[in-house]
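# Structure at a glance
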Amino acid sequence: MYRIFDTTFDCEFPLPELPESPGEDVSFSVKLGDPDLFDAAGFEKTFEWFNYSGECVCWCERRADEYLYVFPRHARFHVSNDGVISCLLHADSSVQMLRYLLLNQIIPRYLASTGLLVLHASAVTLENGRSVAFMGNSGLGKSTLASSFHRDGALLISDDCILLDPGENQVTAIGGFPGIRLFPDSLNAVFHETAGFTHYTPYSDKQQLILKNEAGEVPSEPRALNAIFLLDDPGEIEQGEAVCIEPVTGSAAMMAMIYCAFSLDPSDRQTIAHNFRNIGQAISERLGIFSLRYPRVHDRLPEVRAAVQALLMTQIHF
Amino acid sequence: MTLNLLFDKILNMNYQAHDRFSISSEVLSQEVNGETVLLDLEGECYFGLNEVGTRVWQLLQCESSVGEALDTLSGEYDVSRAQLESDVGALLGKLTEAGLVTLAS
């Protein structure tokens, strides 16, 4: 059995990226699927995702409470309504890619379908004990920024995906995939060496470093979250611009979080409603939401870190 | 995904003081820092209300009549009654047009 997002599940094949869990009640199961299970008869396509080149990289099909997730070059996943995720690897892909899609796409989306709030965000716990998250679309710098903090002594909660619990008194966050994934330029700029990093897919130049919670590299328990920073699109930022942090309030904050929330079926009303309520509960006086605007120049990362930490020092009620 | 900002267009809609509105069962609302986000599950649309719109929405949730809402708001905001009637009327028109509320018969 394995542990992810503070949840225990069992899996028919090894998941070396994750910590193993002692015997506990499992929340869901992962199996290698019978090809007959992936017969699309009766399923209707609900959503498609395209990359920047216009290529369809994934689509979702639904039949009542069952889902088929198809990654055309890599794998298919069947998600049943009783918590069983079945996997079918494409002949031309790799087990490593299957695991990557399972841990970073399917499991987060499945957990979101159960009513949990899962966000596309990185997060760290700073040396002063405060935890912050960085939220935004792929490519805006979440992983690089979190890695920069981690290199500087922070504990990495996640580099890409967090589960948020909007508790009564405190919002907490815990990560899923326990690792760092960076493109070579960011990797070299932040770590100055590539020892421990490995390629995990032939379709990307990114390399990953798996962190271990028994080594204290990733937290094994949820952390109280103090602030969320929404990363600005760097498209119009001049390289010489100052780092700028501004509060984001009300509807703008809520819409930004809604946009970054995972779902198994983006059109499913129950999930839309769950995310709406959970996000509304999470945005409170105890969780600050800020926009973070900075030039995407690696040499400026220390300045960004300092600005975030300075902001936290001034927000005494966070 | 877009947020539709209500309360930004003047419509010539007239209501009676005793008129009451029903909020659609398909609408979820969430107040955040003085503003309100509305989610219309039927249309899969989000709407935003500013501070005054939030106050009007709170009064609708209490099933206040139009007249009762205007009386309450008159005591809370330093604007003329005529301005208030115009602005609240416009908002109610927008909410109705969007299918978020209906005039109760």
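Nothing here was measured: the structure is a model prediction, and the numbers come from that model. (Residues numbered from 1 in each chain as written. Chains lettered and ligands numbered in written order. Predicted model: local features only at pLDDT ≥ 70, side-chain atom pairs only at ≥ 80, totals over all residues.)

## Let's talk about the overall build of chain B
Going by this rule: Helical segments are the DSSP runs of H or I of at least four residues, strand segments are the runs of E of at least two, and each set is numbered from the N terminus. Once C-beta atoms are placed from the backbone, each residue is buried if 20 or more other C-beta atoms lie within 10 Å of its own, exposed if 12 or fewer, and partly exposed for counts between those two. A pair of residues counts as a contact when their C-beta atoms, built from backbone coordinates, are within 7 Å of each other.
Check the secondary structure of chain B and you find 3 helices and 6 strands. Taken from N to C terminus, the helices and strands of chain B fall in the order β-β-β-β-β-α-α-α-β. The buried share among the 105 residues of chain B stands at 28%. Summarising the internal contacts of chain B: among those between residues at least 6 apart in sequence, 61% fall at separations of at least 24.

## Some remarks on the overall build of chain A
Along chain A, the regular secondary structure elements total 6 helices and 20 strands. Viewed in the frame of its principal axes, chain A has a C-alpha envelope of about 55 × 45 × 40 Å. Here chain A holds 318 residues, and 42% of them are scored as buried.

## Description of the domain arrangement of chain A
Residue and element names in this part refer to chain A. Our working definition: What counts as a domain boundary in this text is fixed by an automatic or database domain assignment. All amino acids are sorted into three groups, where Ala, Val, Leu, Ile, Met, Phe, Trp, Tyr, Cys and Pro are nonpolar, Asp, Glu, Lys and Arg are charged, and the leftover types, Gly among them, are polar.
The domain architecture assigned to chain A consists of domain 1 (2–113) and domain 2 (117–314). Here the C-alpha centroids of domain 1 and domain 2 sit 24 Å apart. Contacts between domain 1 and domain 2 engage 24 residues on the former and 22 residues on the latter. The leading source of residues in the side of domain 1 that touches domain 2 is helix H1 (residues 95–113), at 12 residues. Class assignment for the residues of the side of domain 1 that touches domain 2 results in 16 nonpolar, 4 polar and 4 charged.

## Re the sheet that holds strand E15 (residues 198–199) of chain A
Sheets are built from strands paired through backbone hydrogen bonds, the pairs being either parallel or antiparallel. Residue and element names in this part refer to chain A. Our working rule: Paired strands, in this sense, are two strands between which DSSP finds at least two bridges.
Pairing is antiparallel across the open sheet formed by 3 strands, whose spatial order is E14-E16-E15. Two strands bound the open sheet, and with one partner strand each, they are strand E14 (179–182) and E15. The pairing of E15 with strand E16 (residues 207–210) spans 2 bridges and is classified as antiparallel. Looking at the pairing, Thr198 lines up with Gln208 of E16.

## Observations concerning the pairing of E16(A)
As a general feature of sheets, a regular strand has side chains that alternate between the two faces. With 4 bridges joining them, E14(A) and E16(A) adopt antiparallel strand pairing. Bridge pairing links A:Arg181 to A:Gln208 in E16(A).

## Observations concerning the interface of chain A and chain B
Listed as interface residues are 14 residues of chain A and, on the opposing side, 13 residues of chain B. In terms of residues, the side of chain A that touches chain B owes the most to one element, helix H4 (residues 250–259) of chain A, which gives 7 residues. Here the residues of the side of chain A that touches chain B sort into 9 nonpolar, 4 polar and 1 charged.

## Some details on unusual backbone geometry
Leaving glycine out, the prevailing phi sign among residues is negative, and the prevailing peptide bond configuration is trans. A positive phi angle, close to 50 degrees, is found at A:Phe5, a residue other than glycine. Phi is positive for B:Glu63, which is not a glycine, with a value near 65 degrees. Among the structural elements, B:Glu63 can be located in the loop between helix H1 (51–61) and helix H2 (66–76). Residue B:Glu63 is classed as exposed on the basis of its C-beta count, with 12 C-beta atoms lying within 10 Å.

## Details of helix H5 (residues 269–282) of chain A
So the rule is basically this: Here, expected helix span is obtained from the residue count minus one, scaled by 1.5 Å.
Compared with the 20 Å implied by 1.5 Å per residue over 14 residues, the 20 Å span of H5(A) between its first and last C-alpha is a close match. Within H5(A), burial applies to A:Thr271, A:Ile272, A:Asn275, A:Phe276, A:Asn278, A:Ile279, A:Gly280 and A:Ala282.

## A short note on the pairing of strand E12 (residues 161–166) of chain A
All names here are of chain A. With 4 bridges joining them, strand E9 (residues 117–125) and E12 adopt antiparallel strand pairing. Among the inter-strand pairings, Val118 is bridged to a residue of E12, identified as Leu163. Where E12 meets strand E13 (residues 171–175), 5 bridges bridge the pair, whose relative direction is antiparallel. Counted as the bridge partner of Pro166 is Val171 from E13. Following E12, the chain reverses through 4 residues before pairing antiparallel with E13.

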